[in-house]
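Survey of secondary and tertiary structure
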Amino acid sequence: MQAIHQPIQGKQQAKQKSAQTPGPNRGKKPNFRAMLQNKEMQAALGSGVMMLIAWGIAPYFTTLSVILYIAAYAIGGWTKAKEGVETLVKDRDLDVNLLMIAASLGAATIGYWNEGAMLIFIFALSGALESYATERSHKDISSLLALKPETALRIEDGQMNVVAIEDLQPGDLLLVKPGELIPADGVVYRGSSFINQSSITGESMPVDKSAGDEVYAGTVNGEGALYVEVTKSAEGSLFGKIIKLVEEAQAEVPDSQRFMERFEGIYARIVVAVTLLVIVGTPLLLGWTWNEAFYKAMVFLVVASPCALVSSIMPVMLSAMSSSARRGILFKGGAHMENIAHTKVVAFDKTGTLTMGTPQVTDILTAPSVSREQLLSAVASVENLSMHPLARAIVEQASKENLPLQEAEHVQSITGHGIEGTVNGVIWKIGRLDGAIWSQTAKYTQEMQPMEQTVAAITLAVMPNGELKDGKAVDSAADEVSGKSKVDWEEVCTCLEREGKTISVVTVNGEFAGLIAMRDMIRPQAEVAVKKLESMGVKVAMLTGDRARSASVIADETGVSLVYADLLPEDKVKQVQALREQYGHVLMVGDGVNDAPALAAATVGMGMGLSGSGTAIEVADAVLMNDNIEEIAWVIGQARRAERTVKYNMCFAITVILALIAGNFLQDVALPLGVIGHEGSTIMVILNGLRLLR
């Protein structure tokens with residue numbers, strides 16, 4: 001371990017990134033300033049202003065009015081015209097953009113400048129809203145890259161050199177100091193420490209690592225120095241695979257988007273074909289004059305313009321997104337609100353999603369010679385000098401019970417066991433469960449005094465919210481200890497482990513003193529949230545990197561029916577894909593970096609806003625800002641209501657368009673009336689969509 005104290009050879013010391021992920025902007029309100037900074041929004045609003053001014057001065061300044069109308073056409077229609085021309089030239093296809101511009105120009109050619117400008121304004125405004133929503137919904141992996149270490153300390157010829165991660169090769173020996181990120185996948189060559197690898201595996205508890213154990217890039221080293229032998233290059237590391245999986249999932253195009261692209265081209269071709277047929281064919285076949293044929297063709301272009309169809313979707317989705325935001329659920333785009341309505345399975349991550357994500361003390365069991373208060377106070381005094389999550393849970397429990405922390409001396413970490421220290425001349429040792437400890441008890445049993453004479457084997461009852469239960473025992477395997485004169489402590493530990501609890505064994509001067517059990521507690525609303533989802537016909541699954549035993553305990557308490565445990569990030573992606581193939585649309589809810597690929601692979605990914613990592617929030621399609629998973633059932637119901645509204649609006653818009661088209665050819669509908677009917681239907685569907693704001 002001498003290399004730790006040697007100077008680092010290089011121009012600067014290694015700069016390791018913080019173990020904390022970039023924090024999200026929590027509780028952030030809709031940013032209207034950012035919306036106004038959108039170039040398409042500025043163009044649409046500018047077009048609308050020009051149209052209103054031109055309409056107001058038209059009776060007095062005709063020429064100036066026409067100039068302003070031309071400016072409105074250019075400002076609002078330039079982007080859409082450019083997109084339409086690019087589609088026509090590059091893809092040799094027609095789209096609605098080109099159709100709208102043609103309809104507006106057609107209206108202008110027969111003197112209806114204002115009607116054409118209004119068409120451009122409404123279409124440009126809807127396009128700007130869609131563009132802004134798309135920007136918000138883009139899945140950024142910048143926080144993933146921020147978590148990736150840039151440098152490492154490589155040991156060469158007894159010296160430490162700062163090298164870039166990209167320069168690491170299998171076989172290199174690295175030094176990872178306490179609190180630093182593991183720079184590459186590898187195997188511990190020498191040293192021991194606990195590793196917080198929840199960002200990769202999702203395990204709620206840090207994992208002890210010693211010589212021969214595997215470690216992952218992007219995980220956080222604990223309190224001990226480690227020498228790590230690199231086994232994989234940066235590109236082949238598990239962390240690198242996570243980034244690649246997110247990028248691949250982002251490239252996936254939703255089925256609804258493919259359908260809309262196909263429909264758009266078909267619709268534009270039909271309208272253009274009918275327009276040309278009217279202009280060229282009717283004079284030859286029906287004997288219409290050229291002026292009459294051109295007029296009816298322009299009326300057809302106006303009434304067939306899909307403004308009402310376009311407005312059938314976005315106002316509804318924006319209203320639903322706004323009402324969801326008021327309940328703490330932020331969507332990054334209307335498409336995600338649309339997709340969540342079809343949810344068949346909600347897949348939860350366990351740690352930090354169904355559970356609180358931090359361990360809490362659940363049981364304290366003591367030998368007859370030690371009181372519960374004495375054990376908890378002494379253990380907390382020793383653990384107070386450690387930053388291990390389990391240690392912090394014990395200290396927090398002592399604080400809740402107002403137990404004094406005493407001065408601990410000679411505190412040191414014991415490799416492979418835990419920590420020990422001296423309190424009032426007594427050596428207290430706290431560590432992980434080890435079969436060797438039972439050799440200190442006679443045939444694994446411990447004589448116990450009657451309950452009225454001692455506080456031996458008292459169960460510390462802790463409610464799910466962390467409050468004490470007035471000293472009464474909870475329903476736990478540890479309850480069996482009470483009332484027994486002899487206790488098989490090994491059997492008790494087995495029962496506690498079956499309940500998904502992590503056990504710390506306590507000894508006093510080498511003698512067995514008791515057990516402290518801890519567990520990641522479930523969220524108070526988890527069971528209700530699962531029941532609400534199942535009542536809607538939605539299946540609930542749990543995907544976790546934790547052990548199957550711990551996962552099954554949480555599943556039993558929350559009512560989750562589908563449980564998948566021991567999953568690495570790539571396994572979660574495969575499981576999400578399997579659920580999509582078997583059931584259909586999948587909503588994935590997660591909070592960690594390890595959940596990012598699964599969030600991206602799901603139909604809709606939802607990140608936890610308060611407890612979630614910056615990576616999970618940026619990759620997710622929606623963010624649960626208040627971490628209240630009970631709201632997931634409500635938002636699915638709201639999305640289904642929005643879907644019904646969209647279908648009604650589209651049916652109404654199509655009916656109006658068909659009626660106006662029929663009236664144009666059968667009853668000679670005037671262009672102003674066509675515009676009124678067309679714009680009236682647009683306003684109707686917008687107002688209908690705004691009802692979802694309630």
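Residues numbered from 1 in each chain as written. Predicted model: local features only at pLDDT ≥ 70, side-chain atom pairs only at ≥ 80, totals over all residues. Heavy atoms only, no water.

**Brief notes about unusual backbone geometry**
We apply this condition: Segments assigned H or I by DSSP are reported as helices when at least four residues long, segments assigned E as strands when at least two residues long, and all are numbered from the N terminus.
Although it is not a glycine, His410 sits at a positive phi angle of roughly 55°. Looking at the element boundaries, His410 is found in strand 14 (residues 408-414). The phi angle at Asn424 is positive, at roughly 55°, despite the residue not being glycine.

**Focus: the packing of helix 3 (residues 62-90) against helix 4 (residues 96-109)**
Put simply, the rule is: Lines fitted to C-alpha atoms define the axes, with helix axes restricted to the stretch in contact, and inter-axis angles between N-to-C directions lie between 0 and 180 degrees. To sort the angles, those under 35 degrees are grouped as roughly parallel, those over 145 as roughly antiparallel, those from 65 to 115 as roughly perpendicular, and the leftovers as oblique. What makes a crossing left-handed is the near helix being turned counterclockwise from the far one by less than a right angle; a clockwise turn instead makes it right-handed. It only takes one pair of heavy atoms within 4.5 Å for two residues to be counted as in contact.
Helix 4 packs onto helix 3 with a crossing angle of 130° between their chain directions and a minimal axis gap of 7 Å. Taken together, helix 3 and helix 4 sit at an angle that is classed as oblique. In this structure, the crossing between helix 3 and helix 4 has a hand that is left-handed. Judged by residue contacts, Tyr73, Gly77, Lys80, Ala81, Glu83, Gly84, Val85 and Leu88 of helix 3 engage Asn97, Leu98, Ile101, Ser104, Leu105 and Ala108 from helix 4.

**Details of the packing of helix 2 (residues 39-57) against helix 3**
What counts, and what does not: Gly is placed with the polar residues, together with every amino acid not listed as nonpolar (Ala, Val, Leu, Ile, Met, Phe, Trp, Tyr, Cys and Pro) or charged (Asp, Glu, Lys and Arg).
Look at helix 2 against helix 3: their axes get within 8 Å of each other, and the N-to-C directions meet at 160°. Considering their axes alone, helix 2 and helix 3 lie roughly antiparallel with respect to each other. With respect to the hand of their crossing, helix 2 and helix 3 are arranged in left-handed fashion. Contacts from Glu40, Ala43, Gly46, Ser47, Met50, Met51, Ile53, Ala54, Trp55 and Ile57 in helix 2 reach Leu64, Ser65, Leu68, Tyr69, Ala71, Ala72, Ile75, Gly76, Thr79, Lys80 and Glu83 in helix 3. Tallied by class, residues from the contact of helix 2 with helix 3 come to 13 nonpolar, five polar and three charged.

**Comments concerning the sheet that holds strand 21 (residues 539-543)**
Where we set the bar: When DSSP finds two or more bridges between two strands, those strands count as paired.
Strands sit in the order 11-25-24-23-12-21-22 across an open sheet of seven strands; the sheet is mixed. In this open sheet, the two strands that pair with only one neighbour each are strand 11 (329-331) and strand 22 (562-564). When the angles between neighbouring strand axes are averaged without regard to direction, this sheet yields 20°. Relative to strand 22, strand 21 runs parallel, the two sharing three bridges. Considered in strand 22, the bridge of Ala541 is made with Leu562.

**Concerning helix 4**
Short version of the rule: Multiplying 1.5 Å by the residue count of a helix minus one yields the expected span of that helix. Each residue's exposure class comes from its accessible area (1.4 Å probe, protein chains only) as a fraction of the maximum for that residue type: buried when under 20%, exposed when over 50%, partly exposed otherwise.
In this model, helix 4 (14 residues) spans 20 Å end to end at C-alpha, consistent with the 20 Å of a helix rising 1.5 Å per residue. Turning to helix 4, its buried residues are Val96, Asn97, Leu99, Met100, Ile101, Ala103, Ser104, Gly106, Ala107 and Ala108.

**A look at the sheet that holds strand 7 (residues 207-209)**
Ordered in space as 7-6-9, the three strands form an open sheet in which the pairing is antiparallel. The open sheet has two free edges, formed respectively by strand 7 and strand 9 (220-221), since each of these has just one partner strand. Where strand 6 (residues 193-196) lies against strand 9, two bridges are found, and the strand directions are antiparallel. The partner of Asn196 across the bridge, within strand 9, is Val220.

**Things to note about the confidence of the model for the protein**
The predicted coordinates should not be examined in detail at positions where pLDDT is low. The criterion, for reference: What pLDDT expresses is the predictor's confidence in each residue, scored from 0 to 100.
This prediction gives the protein a mean pLDDT of 77; 77% of its residues lie at or above 70. Segment residues 435-478: pLDDT under 50, and 110 contacts once partners within four positions in sequence are set aside and those in other chains are kept.

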